[in-house]
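Listed here are the chains, written in short residue letters.
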Amino acid sequence: MELSESVQKGFQMLADPGCFDSNAFTLLLRAAFQSLLDAQADEAVLDHPDLKHIDPVVLKYCHAAAATYILEAGKHRADKSTLSTYLEDCKFDRERIELFCTEYQNNKNSLETLLGSIGRSLPHITDVSWRLEYQIKTNQLHKMYRPTYLVTLNVQNTDSQSYPEISFSCSMEQLQDLVGKLKDASKSLERATQL
Amino acid sequence: MLLELSEEHKEHLAFLPQVDSAVVAEFGRIAVEFLRRSANPKIYEGAARKLSVSSDAVQHGVEGLTYLLTESSKLMISELDFQDSVFVLGFSEELNKLLLQLYLDNRKEIRTILSELAPSLLSYHNLEWRLDVQLASRSLRQQIKPAVTIKLHLNQNGDHNTKVLQTDPATLLYLVQQLEQALEEMKTNHCRRVVRNIK
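The rules behind these values
Residues numbered from 1 in each chain as written. Chains lettered and ligands numbered in written order. Predicted model: local features only at pLDDT ≥ 70, side-chain atom pairs only at ≥ 80, totals over all residues. Heavy atoms only, no water. UniProt positions renumbered as here; feature names shortened; annotations may be inferred. Helix = DSSP H or I, 4+ residues; strand = E, 2+ residues; numbered from the N terminus. Rg over C-alpha atoms; globule rule 2.2 N^0.38 Å. Buried < 20%, exposed > 50% of the residue type's maximum accessible area, 1.4 Å probe, protein only. Contact = heavy atoms within 4.5 Å. Areas by Shrake-Rupley, 256 points an atom, 1.4 Å probe, with all protein chains shown as cover. Lys, Arg positive; Asp, Glu negative; His and termini not counted. Charge placed at Lys NZ, Arg CZ, Asp CG, Glu CD. Axes fitted to C-alpha atoms, helices over the stretch in contact; angles between N-to-C directions. Left-handed = near helix turned anticlockwise from the far one by under 90°. Nonpolar A, V, L, I, M, F, W, Y, C, P; charged D, E, K, R; others polar. Phe/Tyr/Trp six-rings, centres within 6.5 Å; stacked < 30°, edge-to-face > 60°. Core = buried A, V, L, I, M, F, W, Y, C linked by side-chain atoms within 4.5 Å. Salt bridge = Lys/Arg side-chain N within 4 Å of Asp/Glu carboxyl O.

The name given to chain A in an unreviewed UniProt entry is COMM domain-containing protein 3, with Aotus nancymaae as the source organism. The heading Sequence similarities (unreviewed entry) in the UniProt record of chain A holds the text "Belongs to the COMM domain-containing protein 3 family."

Shown next, in the form of structure tokens:
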């Protein structure tokens, strides 16, 4: 993991009981996790009365350092020993290391889910709806009598947050072909998971 | 249901008894060919010269035949109705039989061509799929995230369109389930009754 000097400096401040007493340390740590993981976290996450005695610049600096480190650790799936080693290097005492690791462990799943959801991907199919019709005639052709399906795929775009739809019509044979191919895909998915 | 033939139409068709049946058969072939692709006026001139008639007469004859065939195919009239409709033209027995045969032989194809004139939406053509597993991304390493990538081929009025989409395994199973239900619908009593009774 590549971490900048400012992260290290921030952590060294966090390690110092003169700067952050036990309570303040815990609060800041929790605030860091909260602002990353809680979608509704408001900007006043550092506004706790027990943090008022600390210089706001220091608070923000350490909060940023903690958040940066947490994201990097999550990205690389750091284990407890990696975390401990780094925190020891920043002169954390045993108690604070344990606290950090516990908080990290509690929030690990949410963190990894959040990180996994960031990124570009192809438009994602989320839903399908269908309509069955029986065609009787057009103005060019009478006595048609044939069933057709209208299928709509709901699609979600990751970057533009738009929800376009793809609609197409198909005959019964074509729908059978489509379903057959999707079933092949899901069978081979099943087989792959059994390997 | 009988075909209504206008006076003008009957005039155009009146040319047909003046030539022999081989020529009428040839006109029939030209008519269907013109429906498949577009009309080529040069053919009229060639035929006109060979038959020593005006190219207009040939053109009218072929067009009259074309209209007769397309209207009959569109309405899907029965053999009997076709014979009765043609009867009013006062052609010979042989010519009537020839026309009927022309109608029956080409009806299916003409109806396919006519169906392409209907307003059309994007229609399904083909589907290709691929199984992918995402192993890492810029924001998270050491992942195992399965996904199914799908290339959907669609057609609209001859334009080929492809869309590349993705879905996760759970949604794939859901899609299969939903679409299988759609296919099952045609076998229900309700749909069977409708199909039986609308003729």
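Additional details are given in the paragraphs that follow.
Student: Lay out the overall build of chain A in plain terms, naming residues and giving numbers.
Tutor: For chain A, the count of helices and strands is 6 helices and 3 strands. In sequence order, chain A lays out its α and β elements as α-α-α-α-α-β-β-β-α. The C-alpha radius of gyration computed for chain A amounts to 27 Å, which surpasses the reference 16 Å derived for 195 residues by more than 25%, pointing to a less compact arrangement than a globule. Each principal axis of the C-alpha distribution contributes one length, and for chain A these read about 90 × 40 × 25 Å. Here chain A holds 195 residues, and the buried ones make up 41% of them. Excluding contacts between residues fewer than 6 apart, the proportion of contacts in chain A whose partners are at least 24 apart in sequence is 57%. When the accessible surface of chain A is totalled, it reaches about 10800 Å², and 50% of it is carbon and sulfur. One way to put it: in chain A the 20 positive side-chain charges average out to a point 12 Å from where the 27 negative ones average out.

Student: Can you break down the packing of helix H1 (residues 5–15) of chain A against helix H3 (residues 56–75) of chain A residue by residue, with the values?
Tutor: For any two helices packed against each other, one specifies the inter-axial angle together with the distance between the axes. Residue and element names in this part refer to chain A. Orientation of H1 relative to H3, taken along the N-to-C sense of each, is 115°, at an axis distance of 8 Å. The crossing of H1 and H3 is left-handed. Taking contact as the criterion, the partners of Ser6, Val7, Lys9, Gly10, Phe11, Met13 and Leu14 in H1 are, on H3, Val58, Tyr61, Cys62, Ala65, Ala66, Thr68 and Tyr69. Residues of the contact of H1 with H3, tallied by class, amount to 10 nonpolar, 3 polar and 1 charged.

Student: Could you give me a rundown of the packing of aromatic side chains, with the residues and numbers involved?
Tutor: Evaluated as defined, the whole model comprises 9 aromatic pairs over all chains. By the ring-pair criterion, three or more aromatic residues cluster together here, those being A:Phe11, A:Phe25, A:Tyr69, A:Tyr86, A:Phe92 and A:Phe100.

Student: Let's hear about the nonpolar core: which residues, and what values?
Tutor: Ranked by size, the top nonpolar core spans 38 residues in total, and within it A:Phe11, A:Leu14, A:Phe20, A:Tyr69, A:Leu83, A:Phe92 and A:Phe100 carry the most contacts. When residues of this core are traced back to their parent elements, those giving at least two are H1, helix H2 (22–37), H3, helix H4 (80–89) and helix H5 (94–117) of chain A. Look past the residues within four positions of A:Tyr69 in its chain and what remains in contact with it is A:Met1, A:Leu3, A:Val7, A:Phe11, A:Thr82, A:Leu83, A:Tyr86 and A:Phe100. Judged by nonpolar contacts, the second largest core, of 36 residues, contains B:Leu3, B:Ala47, B:Leu68 and B:Leu114.

Student: If you had to explain the pattern of salt bridges to someone new, which residues and values would you point to?
Tutor: The final tally for this structure, using the stated rule, is 17 salt bridges over all chains. Between A:Arg131 and A:Glu133 there is a salt bridge, with its nearest N and O atoms 2.6 Å apart. Overall, the relative accessible area of 46% leaves A:Arg131 in the partly exposed class. Of the charged contacts, one joins A:Asp177 and A:Lys181 as a salt bridge, the two residues approaching to 3.0 Å between their closest N and O atoms. Separated by 4 residues within a single helix, A:Asp177 and A:Lys181 lie in helix H6 (residues 172–193), roughly one turn from each other. Given a relative accessible area of 31%, A:Asp177 falls into the partly exposed group. Bridged by salt links that share partners, the residues B:Glu33, B:Arg36, B:Arg37 and B:Glu109 form one connected network.

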